[in-house]
Amino acid sequence: MKVINTIAALKSLLEPIKLDQQKVALVPTMGALHKGHVSLINIAQQQADVVVCSIFVNPTQFTDPKDLEKYPRPLEDDLKTLEEAGCDVVFMPSVTEMYPEPEVWHIDLGPAEFLLEGEFRKGHYQGVTQVVKKLFDYVSPDLAFFGQKDFQQVLMIKNMVAHFNLPIQIISCPIIREDDGLAMSSRNIHLSAADRKNALVLSRALSFVKDNFSKLSIVELVEKAKVLIDETPGVELDYFIVANGETLLPENDKSHHDIVALVAAKVGETRLIDNMILN
Ligand code: PAF
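Residues numbered from 1 in each chain as written. Predicted model: local features only at pLDDT ≥ 70, side-chain atom pairs only at ≥ 80, totals over all residues. Heavy atoms only, no water.

Moving on, we come to the nonpolar core. In terms of nonpolar packing, the biggest core is built from 47 residues, with L10, V52, F91, F136, I170 and L262 touching the most fellow members. It is helix α7 (residues 124–139) that provides the largest number of residues to this core, a total of eight residues. Residue contacts for L10: discarding those within four places in its chain leaves I4, V52, V89, F91, Y138 and V139. Formed by 26 residues, the second largest nonpolar core is a distinct cluster that contains L206, I259, M276 and L278. (Core = buried A, V, L, I, M, F, W, Y, C linked by side-chain atoms within 4.5 Å. Buried < 20%, exposed > 50% of the residue type's maximum accessible area, 1.4 Å probe, protein only. Helix = DSSP H or I, 4+ residues; strand = E, 2+ residues; numbered from the N terminus. Contact = heavy atoms within 4.5 Å.)

Below, the discussion takes up the packing of aromatic side chains. As enumerated under the stated definition, the model contains four aromatic pairs in all. With a centroid separation of 6.3 Å and an interplanar angle of 40°, the aromatic rings of F56 and Y99 are classed as tilted. Highlighted residues: F56 in the loop between β3 (50–55) and α3 (65–69) and Y99 in the loop between α5 (95–98) and α6 (117–120), separated in sequence by 43 residues. Comparing F56 with Y99 shows no difference in burial state: the two are buried. Between W105 and F164, the aromatic rings sit 6.3 Å apart at their centres with planes inclined by 40°, giving tilted as the arrangement. Placement of the pair is W105 in the loop between α5 and α6 and F164 in helix α8 (residues 151–164), with a sequence separation of 59 residues. For W105, a relative accessible area of 23% gives the class partly exposed. When the ring centre of F164 is taken as origin, the NZ or CZ atom of K133, which lies over that ring, is 4.7 Å away. (Phe/Tyr/Trp six-rings, centres within 6.5 Å; stacked < 30°, edge-to-face > 60°. Lys NZ or Arg CZ within 6 Å of the ring centre and 35° of its normal.)

This part is about α7. Compared with an ideal rise of 1.5 Å per residue, which puts 16 residues at 22 Å, α7 spans 23 Å between its outermost C-alpha atoms and is within 8% of the ideal. In terms of burial, α7 is a largely internal element, 15 of the 16 residues being buried. (Expected span 1.5 Å × (residues − 1).)

The next thing to look at is the environment of S172. Tracing the sequence through the fold places S172 in strand β6 (residues 169–173). We classify S172 as partly exposed; its relative accessible area is 35%. Between the C-alpha atoms of S172 and K149, which are 23 residues apart in sequence, the distance is 9.0 Å.

Worth remembering: the numbers are spatial, not functional.
Put into structure tokens, the structure is as follows:
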């Protein structure tokens, strides 16, 4: 496994691979890798010849400086995880390598940018798409893999790819859960034992909605899911919505082909998100 820190070294490593017409996959991450990330690497390996994983805690997507400061950075463990997963290249640039100068960035990601996470974390998706665009420029992957856990992020990245007309296939990979249902996240390490238990209500509420989708109306499903969450101590709900998977607007028509339930809540001091595709 090659570990690269500069854009120049990354480009010269990838140039012969591209000339050789090998398929390159990119798995962008912010490190603190868990089984969810490993599953992205494994799926990428099945579809490409060379897998590049980036580890970069991108400052421009953090709306809360405290969140950026406390973001876990277990670099040695991450490298070991990637080595064991059989990753080919790790790109681990510094902040100055990625942002030599402060950049003003704004692209039109469509109205869904301002909903859900976009409402609670203003400017977040401009930061995400800014860094992902840079990574796409430096790696020029054929395919890029993202976790479905950040459902809105995948949508925003697809919109960014469409905006720039990039020849990159975006692949959303299934959420990996702990045995008890908690969606894997780099933020889970911040949960206390009590938070960890309380956090289970998020996947339970989503499963309730999925399991009862054909029996109850969407209004009833959302109402009951919200009650479940509101009754759980230490959990402060930001939103629970059954939405159209393309617009992220509330969906009331069960026959629509793309419906997803999305939730975000603060559990103790940690903000968690999760979702489930309903049809
Ligand atoms: O999902 C993440 O870890 C980040 O938002 C990403 C896509 C690596 C961009 O920094």
